[in-house]
Amino acid sequence: MSGETRGTGGTIAEDYTASYYQEGHLGGEGDYSWDDGHWRGFFEMAADRIVALANPASVLDVGAAKGMLVQALRAKGVDARGFDLSDHAVATAHPDVREHLWVASATEELEGTYSLVTCIEVLEHMAPADAQTAIDRMCAVTDLVLFSSSPDDHAEPTHVGTRPTATWATWFAERGFFRRVDVDLSFLTPWAVLLERAELPARALVQRYEQQYAQVNTELVAKRSALLEAHREISALQQEGPASADLQALVHKWEAEVLEARHQLLTTRDHVVGTEAQVSQLARENVRLSRELVRSRKQLATVRAKLASARQRANRLARRLERARSTPALAVPPPSVAQRAVRRLRGGSR
Amino acid sequence: MTESTSGPLFSIVTPVYDPPIDVLEDTIASVLDQDLDDWEWILVDDLSPTEAVRETIRAHAARDPRIRLHEREVNGHIVAASNDGLAQATGEFLVFLDHDDLLTPDALSRNAELIAEHPEVDYLYSDEDKVDGDGRLYDEFAKPAWSPERLRGQMYTSHLSVMRTEVVRRVGGFRHGYDGSQDHDLALRVSEVARRVVHVPHVLYHWRAVVGSASADIHAKPYATIAGQNAVQDHLDRLGIPAEVEQGPAPGHYRVTRRLDPSVRVSVVIPTIGQSALIWGARRVMVVEAVRSLIEKTSHEDLEIVVVHDRPTPPAVLERLREVAGDRLVLQPFDKPFNYSEKMNVGCLRASGERLVFLNDDVEVISEGWLEQLVAPLDEPDVGLTGAMLRFSDGSVQHAGHAYAGGHYLHPHIFEPSGSYGAFGALVINREVSGVTAACAAMRRGTFLEIGGFAEELPANFNDVDLCYKVRATGCRIVWVAGCELYHFESRSRERMVHDWERDLVRSRWGVPRDDDYTRPATSRRSRRLPARLALAQEQRQPERHQP
């Protein structure tokens, strides 16, 4: 996609070395080569559309760069070839297409004839006089030109001859080529046009453009009225001041309610956490008290057992005492062991 | 000297380099005196110039097969010698003993008990004290429960450290280049992978204070503190904690300065009624100066200041707050009867930050970067709450962490003078505590919601104590941040009205506090001595020390 050398102010082959293709001059979609999925896909799609629109037997691509369009067209069986000013571009083309490419300027005379000449994003790189020559050369070898040239990309440094599409179209018209308004080439660029050699009387030409004009005008009128409608709706909404204040108050009220609800949730959470802590405190206390209870019960049982055995002994002694009393008394009965024990048990008060 | 148990085998490792023979004999006696038999002892002689050292050990090894002497052929210093010992250990746990220090007779049995209680333990450390030339014991370090943040500030676990052999080998043993702080470096690396670290709350180690040894005077070994700083920095780097480590004000203490993620929104919540007071002889509106100082000392940009103000707050105060804080200010009116907890809850719910900072209005920020240092530790998921160093207007300590013990809720370091390092550096290093005052504290919003915020049944007192208990009940640590300093203009003499029902409410939830996990009293205030047997050996050796 590069152009010319002779006229003053044009670009030269050295402007299109490796860095031109690597540094995003072409839209920065990665490596500009057949191996890059994005670019290959783009040119395959373009080739599909071109075949569908024009079904050309032969195609010449002027300013073919690395020949990707040529390659895509050939893959679809079209006898396509192309040339480019940049020897770098041609040298680094894919091996499958290289033999169908050559290095040349678009100002040079062309041989043969073609069903279609494509010239995509090329002439804006050329000086004005060279561009005119290039148009002549193309018109000499075909009746059908697919033409695209950025009308407003002034940032790209090699775009030295940028023109509006209307200017290009009138230059082709001077050579008997007119725009086919029945085809849409926006798959390629928004400004691409298909130009065909035709003997058109003024009447047919007017009809062709009037149809287009009517269509665009209808769309414009419809959009203007839709815009006005939207503008009125916005104004109406803005004028509903009081209603929106009410809404705002409602939002504030709801916000306060949400805050209140979250607050309640928070305090509930605290109660749950606190109650759980209390429960485990009580559970621990319960375990401690249960242990104490078991210990106390054991103590109680021991004391009871002691008490029981003491009672047994007391009863035993009481019975022996009874027996001793019931036997006939001896003269002076000395205090028996049992009597002494009973005394001791009863507290020795007597 | 008792029956064999079914517990683990302990491998005591002792690098030896030229100790006085009588000192070495004391150390050996303290090992032979263990009331548990399942140990082996690898003494690694690092080419001591005195043959008597090796002869002494050989003599004991001949009598007791559990004692082994490994003789190094070249002097390799502490790291190489310790690693030689590690290589020969066959026991399940390693015990690190220095050649001039003493174990208590129950040192190994106490560890065995806790290992039986916690089978997944990988690292145990215990309390320690020092012993002087006369056998007097002093400087007891009653250590806190496992405190990973504190270990970054100082090698507090130190002696006696008992580590699972397999874990020490897995992390690669002692590292060259960290001489003098190789034990700190190892403790940090082991703690990173340990399933559980357990504190043994008994003195099991007497550190002999000999002039020139590290225990008495770390100034004698400046390379050790540089190695320590590197060890802590490595540790933080390994954990992905963005922070810088510097030397602290005292040797062996390190200052950890964290970086706060700039994308984290922080909300400072301040309750106020807009009162004024006389501070340093000048009248000031407290909340305005609090906000002014906090903004001045904060470089973190995503900051929101939520001021919860009671109805009587003068409009002029709110106006000045707007001037000072600009669009960072969120004003939240509060028109119910005074309830600190409720005010804070309302403010925190209104706040939009992922991190909440609770701040009283009677403060003034002292330290640059206070907010960043206070908030950043909360990036560690098991840190649930952080607190600050609060000072009275004369610079003395008002708050440096709570302790809950003996039925009371205490401020352990209150009234310590400005410039004090605190016992064992407690005032100059970040450390874990049982609680912090909510006068300046920070929390993740998620934690706040999870625990239900401040308990509104506690409108005035103990709401922060309850908050701290709740945080710890979630399994999180509370970290006190030494580098976050503020004045807290609370009257030194103020008698707080504390009602019994308030204390009872906290107790009903959390029980009566008995012993604090982190602030523990020394076992006895009376002067203590070594057991008679060892003390005698010490006295006998006194004259020998002065022989040429």
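Residues numbered from 1 in each chain as written. Chains lettered and ligands numbered in written order. Predicted model: local features only at pLDDT ≥ 70, side-chain atom pairs only at ≥ 80, totals over all residues. Heavy atoms only, no water.

As for a positive patch on the surface
All names here are of chain A. Stated precisely, the cut-off is as follows: What goes into a patch is any residue over 30% in relative accessible area without a salt bridge, connected to like charges within 9 Å or, for nonpolar side chains (Val, Leu, Ile, Met, Phe, Trp, Tyr), within 5 Å. The Shrake-Rupley method, run with a 1.4 Å probe, gives the accessible areas here. Residue values count only the displayed protein chains as cover. Every case where a carboxyl oxygen of Asp or Glu lies within 4 Å of a side-chain nitrogen of Lys or Arg is listed as a salt bridge. Charge counting treats Lys and Arg as positive and Asp and Glu as negative, with His and both chain ends excluded. Think of each charge as sitting on NZ of Lys, CZ of Arg, CG of Asp or CD of Glu. In this description a helix means any DSSP run of H or I spanning at least four residues, a strand means any run of E spanning at least two, and both kinds are numbered starting from the N terminus.
Where like charges cluster on the molecular surface, the positive patch consists of Arg-313, Arg-316, Arg-319, Arg-320, Arg-323, Arg-340, Arg-343 and Arg-344. Contributing elements (two or more residues each) for the positive patch: helix H8 (241–326) and helix H9 (337–345). Looking at where Arg-313 falls in the secondary structure, it is placed in helix H8.

A short note on the pattern of salt bridges
Residues and elements named next belong to chain B. The cut-off we apply is this: Burial classes follow relative accessibility: with a 1.4 Å probe on protein chains only, a residue under 20% of its type's maximum area counts as buried, one over 50% as exposed, and anything between as partly exposed.
Scanning all chains against the criterion turns up 61 salt bridges over all chains. A salt bridge links Glu-149 to Arg-258; its shortest N-O distance comes to 2.9 Å. Note that Glu-149 is positioned in helix H5 (residues 148–153) and Arg-258 in strand E11 (residues 254–258), a separation of 109 residues in sequence. Accessibility assignment for this pair places Glu-149 and Arg-258 in one class, buried. Asp-466 is paired through a salt bridge with Lys-470; the nearest N and O atoms lie 3.9 Å apart. Within this pair, Asp-466 and its partner Lys-470 are both found in helix H14 (residues 463–473), separated by 4 residues, close to a single helical turn. Residue Asp-466 is classed as buried on the basis of its relative accessible area, which comes to 0%. Classification of Lys-470 by relative accessible area gives buried; the value is 1%. The network of salt bridges with common partners includes Glu-149, Arg-152, Arg-258, Glu-380, Asp-382, Glu-432 and Arg-477.

Some thoughts on empty space enclosed by the protein
All names here are of chain A. Convention followed: Only protein atoms enter the calculation, which uses a 1 Å grid: trapped sets of points that fit a 1.4 Å probe without letting it out are cavities, open sets showing protein on both sides within 12 Å along at least five of seven lines are pockets, and any residue with an atom within 4 Å of a point is a lining residue. Grid points are joined across faces, edges and corners, and a volume is the space filled by probe spheres set on the points. Charged residues are taken to be Asp, Glu, Lys and Arg, nonpolar residues to be Ala, Val, Leu, Ile, Met, Phe, Trp, Tyr, Cys and Pro, and polar residues to be all remaining types, Gly included.
Tallied over the full model, the rule gives 2 cavities of 30 Å³ or more. The computed volume of the second largest cavity comes to approximately 30 Å³. Taken together, Leu-123, Met-126, Pro-128, Ala-131, Gly-161, Arg-163, Trp-168 and Trp-171 make up the lining of the second largest cavity. Put simply, the parts of the chain that give the lining of the second largest cavity at least two residues each are helix H5 (128–141) and helix H6 (165–174). Among the residues forming the lining of the second largest cavity, the class breakdown is 6 nonpolar, 1 polar and 1 charged.

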